[in-house]
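Letter by letter, the chains look like this.
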Amino acid sequence: MTINRPVVTIFEMYGSGAAEVGPAVADALGVPWLPQVYSSEDLEAAEGRGPGEDSLLSRILATLGRTAATSDVGVYSGQLDQLDAEDAVRELRAQMAEGGVVLGRNATMILADEPQALHVKLDGPLEQRIARGAAASGIDLDKARARQARDDTARVGISQRLFTWDPRSNDQFDLVINTGRVPLDRAVQLILQAQRLKAGS
């Protein structure tokens, strides 16, 4: 399937400003904005559920995974992972059929075969990201620091487990922006320029 309207995928390391950048890019391109499936609050709640010996990633997938409800009928975890991945691919391709700007959702890999899709990563210095996350959510720095460790670990882990890629590597991205040095409004303009250039090619 080739999508004929603008497509931008964004992967964000916690606190890099995607909640501000993404909607602004979508608005400028005239396409829908798709935020993360699971918020920081969702991941925080999932961490406190399940047996204590379970890994954070296992708890999150068991609590939030779309196919987790089938786990009580003898389906093993590898099959659940495959079903979650297949569901994610189908859902995202359907949602992006008319273009869009999407945050997370492993869209970088799912839409890697779309020739005009622009794949962006937002990152920055750790302490700056923590401070931005705290300010954006109205929480203190200690809670933001815990949220950063949880979010970055969980989102990378889900990508590795379901789609066998590591978003900490920049290999799959067209554009990587350090929002600790580039103001968010400039980041929006950089993404729009890069999108026009890639679509034009």
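This report concerns the structure included in the present document.

Rules used in this analysis
- Throughout, residues of each chain are indexed from 1 in the direction in which the sequence is written.
- Where local features are concerned, this predicted model is filtered to residues with pLDDT of at least 70; where side-chain atom pairs are given and counted, the filter is 80 or more; whole-chain, interface and lining totals use all residues.
- With hydrogens and water stripped out, all remaining heavy atoms of the structure feed into the side-chain values.
- Partly exposed describes any residue whose relative accessible area lies between the buried limit of under 20% and the exposed limit of over 50%, with all areas from a 1.4 Å probe on protein chains only and scaled to the type maximum.
- Secondary structure elements are defined from DSSP: runs of H or I of at least 4 residues count as helices, runs of E of at least 2 residues count as strands, and each element is numbered from the N terminus.
- Strand pairing is assigned whenever DSSP identifies at least 2 bridges connecting the two strands.
- In this analysis an axis means a line fitted to C-alpha atoms, helices contributing only their contacting stretch, and an angle means the value between N-to-C directions, from 0 to 180 degrees.
- Relative orientations are named as follows: roughly parallel for angles under 35 degrees, roughly antiparallel for angles over 145 degrees, roughly perpendicular for angles from 65 to 115 degrees, and oblique for any other angle.
- Left-handed describes a crossing in which the near helix is turned anticlockwise from the far one by less than a right angle; the clockwise case is right-handed.
- Any two residues having at least one pair of non-hydrogen atoms within 4.5 Å are treated as being in contact.
- Amino acids outside the nonpolar list (Ala, Val, Leu, Ile, Met, Phe, Trp, Tyr, Cys, Pro) and the charged list (Asp, Glu, Lys, Arg) are all regarded as polar, and Gly is one of them.
- Counted as salt bridges are all cases of a side-chain nitrogen of Lys or Arg within 4 Å of a carboxyl oxygen of Asp or Glu.

Moving on, we come to the pairing of strand E1 (residues 7-12). When you tally the buried positions in E1, you get six out of six residues, the bulk of the element. Residues of E1 alternate between two faces, with Val7, Thr9 and Phe11 on one and Val8, Ile10 and Glu12 on the opposite face, all of them buried. Relative to strand E4 (residues 118-123), E1 runs parallel, the two sharing five bridges. Each residue of the ladder has a partner; that of Val8, found in E4, is Leu118.

Here Arg186 shows up in helix H8 (residues 184-200). C-alpha of Arg186 to C-alpha of Val21: the two residues are 165 residues apart in sequence and 9.3 Å apart in space.

Bringing the packing of helix H1 (residues 18-29) against H8 into the picture now. With their axes 9 Å apart at the nearest point, H1 and H8 run at an angle of 45° to one another. In this view, H1 runs oblique relative to H8, as classed from their interaxial angle. Handedness of the H1/H8 crossing: right-handed. Facing Glu20, Val21, Ala24, Val25, Ala28 and Leu29 of H1, the residues of H8 in contact are Leu184, Ala187, Val188, Ile191, Leu192 and Gln195. Classifying every residue of the contact of H1 with H8 by side-chain character gives 10 nonpolar, one polar and one charged.

Moving on, we come to the pattern of salt bridges. Applying the stated criterion across every chain, the model contains 13 salt bridges. As a salt-bridge pair, Lys143 and Glu44 come within 3.9 Å of each other at their nearest N and O atoms. A residue pair is termed long-range when its members are at least 10 positions apart, and Lys143 in helix H7 (residues 141-163) and Glu44 in helix H2 (residues 40-47) qualify at 99 residues. Taking the relative accessible area as the measure of exposure, Lys143 reaches 39% and is therefore partly exposed. Overall, Glu44 belongs to the partly exposed group, its relative accessible area being 24%. One salt bridge in this structure joins Asp142 and Arg145, with 3.7 Å as the shortest N-O distance. Separated by three residues within a single helix, Asp142 and Arg145 lie in helix H7, roughly one turn from each other. Take Arg145: its relative accessible area is 32%, and that puts it in the partly exposed class.

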